[in-house]
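Topology and contacts: notes
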Protein chains: 2
Amino acid sequence: MAHELERKALAQYLEDHSLKHTKQREAILEVFLEVEGHITGDDLHRRVQQRHPGIGYTTVYRTMKLLCDAGLASERHFDDGVTRYEVEHEHHDHLVCVRCGKIVEFECSMIESAQDDIVERYGFRLLRHRHELYGHCPGCRDD
Amino acid sequence: MAHELERKALAQYLEDHSLKHTKQREAILEVFLEVEGHITGDDLHRRVQQRHPGIGYTTVYRTMKLLCDAGLASERHFDDGVTRYEVEHEHHDHLVCVRCGKIVEFECSMIESAQDDIVERYGFRLLRHRHELYGHCPGCRDD
DNA sequence: TCACGAAATGAAAATGGATGTCGTTTTCAG
DNA sequence: CTGAAAACGACATCCATTTTCATTTCGTGA
């Protein structure tokens, strides 16, 4: 059984918050971790169903919210308005191909520090940000 | 009657695309231009109603889509998932206060050029981007 | 100016992702 | 083992936006 670390993290989180360890949560975590990249609640539900018929989408949504709270997943909202989930890891931003839908992650410390300057200039206190570049990926550009 | 330039632009666009010049479109444009900042379809519809009862929200949504196509407005999607419209002008990004909802626009050429580097590094062709900083504004921060 | 076809309108219904409700089932501490 | 709390799943509901469609309006060209 893979993903021992994450399973432990979930178990820990559940215990710390007096929440219950159910097969559904276990199953959803497992399926979610096998997904590479970003997945919508609906797609995730479909995948979960394949292996564990009977798990409803309500539970999938609830569980994903839980995994986000537990720091194992995070929610992303791209331009189509549909919520997508990704495995939580180092901070990064996204490059999205508007043709094929491919999503590439990037990270840029120069931008991060420039952001800090901006925030300071306006007197804001930064909580989080969102930076997405939309275009055509190498395979889709036609020039 | 204000906003002559924009009215002309709309008229031009309609003519170029064999679309019709209606009172509703005129009215919605007028009300939209008077709004400072970012407005949701719903709010805009409410405002339009005050001055021009009878204009349905369907028409407001359709017209805003049209104004976007005509380059007079642009759509923005912040984290709450609701579409907001703003008057189209120089490129800029946003600083959003998650407490009071205030939205401040900013512009940063350093970030823009850093973006270009990233895009090039991954072989993408950049079409547009979205860069939002979420936090607390000077009036809302509690430290 | 008129008339006609194309386009636009608006009311209502549909959509679709996400969340709330509620009766039933499961978990787990004592 | 038992009971209360939590979670489940089916379904209903929400709500912004879109679609549908019958009716009205626009504007070209006769």
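Here we summarise the structure given alongside this text. Numbers given for residues are sequential positions, taken from 1 along each chain in its written order. Lettering for chains starts from A, numbering for ligands starts from 1, and both go in the order in which the items are written. At least 70 in pLDDT is required for a residue's local features to be given in this predicted model, at least 80 for side-chain atom pairs to be given and counted, and no such filter applies to totals for whole chains, interfaces and linings, which use all residues. Values shown for side chains rest on all heavy atoms present in the structure; no hydrogens or waters enter the calculation.

1. A word on the interface of chain B and chain A
How big an interface is tends to be stated in terms of accessible area lost as the parts join. When checking whether two residues touch, look at their non-hydrogen atoms; a contact exists if any pair is within 4.5 Å. At the junction of the two partners, chain B supplies 38 residues and chain A supplies 37 residues. For the pair chain B and chain A, the summed buried surface comes to about 3,500 Å²; carbon and sulfur atoms form 65% of the total. Here's the idea: put two parts together, see how much 1.4 Å probe accessible area each one loses, and the total over both is what we call buried area. Broken down residue by residue, the surface that chain B buries against chain A is led by Phe124, Arg125 and Arg130 of chain B, which jointly contribute 21%. Here a salt bridge means any side-chain nitrogen of Lys or Arg lying within 4 Å of a carboxyl oxygen belonging to Asp or Glu. Seen at the junction of chain B and chain A, the total is six salt bridges. The shortest N-O distance in the salt bridge between arginine 130 of chain B and glutamate 132 of chain A comes to 3.7 Å. For the purposes of these results, a polar contact is taken to be a pair of N or O atoms within 3.5 Å, where, inside protein, one atom must be able to donate a hydrogen and its partner to accept one; residues adjacent in sequence count only when each atom of the pair is a side-chain atom. On inspection of chain B and its partner chain A, the count reaches 20 residue pairs in polar contact (both at pLDDT 80 or more). Of all the secondary structure elements, the ones that give two or more residues to the side of chain B that touches chain A are strand 4 (93–97), strand 5 (103–106), helix 5 (109–121) and strand 6 (125–136) of chain B. Basically, the charged four are Asp, Glu, Lys and Arg, the nonpolar ten are Ala, Val, Leu, Ile, Met, Phe, Trp, Tyr, Cys and Pro, and anything else, Gly included, counts as polar. Taken together, the residues that form the side of chain B that touches chain A break down as 21 nonpolar, seven polar and ten charged. Inspection of the sheet shows strand 6 (residues 125–136) of chain A paired to strand 6 of chain B by eleven bridges, in the antiparallel sense. Counterpart to tyrosine 134 of chain A in the pairing with strand 6 of chain B is arginine 128 of chain B. Here a helix means four or more residues in a row that DSSP labels H or I, a strand means two or more in a row labelled E, and each is numbered from the N terminus. Any two strands between which DSSP finds at least two bridges are classified as paired.

2. Let's talk about the relation of the copies chain B and chain A
Residues reaching a pLDDT of at least 70 in both copies supply the C-alpha atoms on which the copies are superposed by least squares. The transform that puts chain B on chain A rotates by 179 degrees and translates by 0.0 Å along the axis, for an RMSD of 0.2 Å. The two molecules are tied by a two-fold rotation axis, judged by turn and shift. Rotation axis and chain B: the residue whose C-alpha lies nearest the axis is histidine 131 of chain B, separated from it by 2.1 Å. By residue overlap, the copies meet face to face through one surface: 97% of the interface positions of chain B are interface positions in chain A.

3. What about the protein's contact with DNA strand D?
The local shell around DNA strand D holds 22 residues, among which Lys20, Thr22, Thr59 and Arg62 of chain A together with Tyr61 of chain B are the closest. Sugar plus phosphate: this is where 68% of the atoms of DNA strand D within 4 Å of the protein reside. For DNA strand D, a base oxygen lies 2.9 Å from a polar atom in the side chain of lysine 20 of chain B. Among the secondary structure elements, those contributing two or more residues to the surface near DNA strand D are helix 2 (23–34) and helix 4 (57–69) of chain A together with helix 4 (57–69) of chain B. Sort the elements by how many residues they give to the surface near DNA strand D and helix 4 of chain B lands first, with five residues. A class-by-class count of the residues in the surface near DNA strand D yields six nonpolar, nine polar and seven charged. If a single non-hydrogen atom of a residue is within 4 Å of a molecule or strand, that residue counts as near it.

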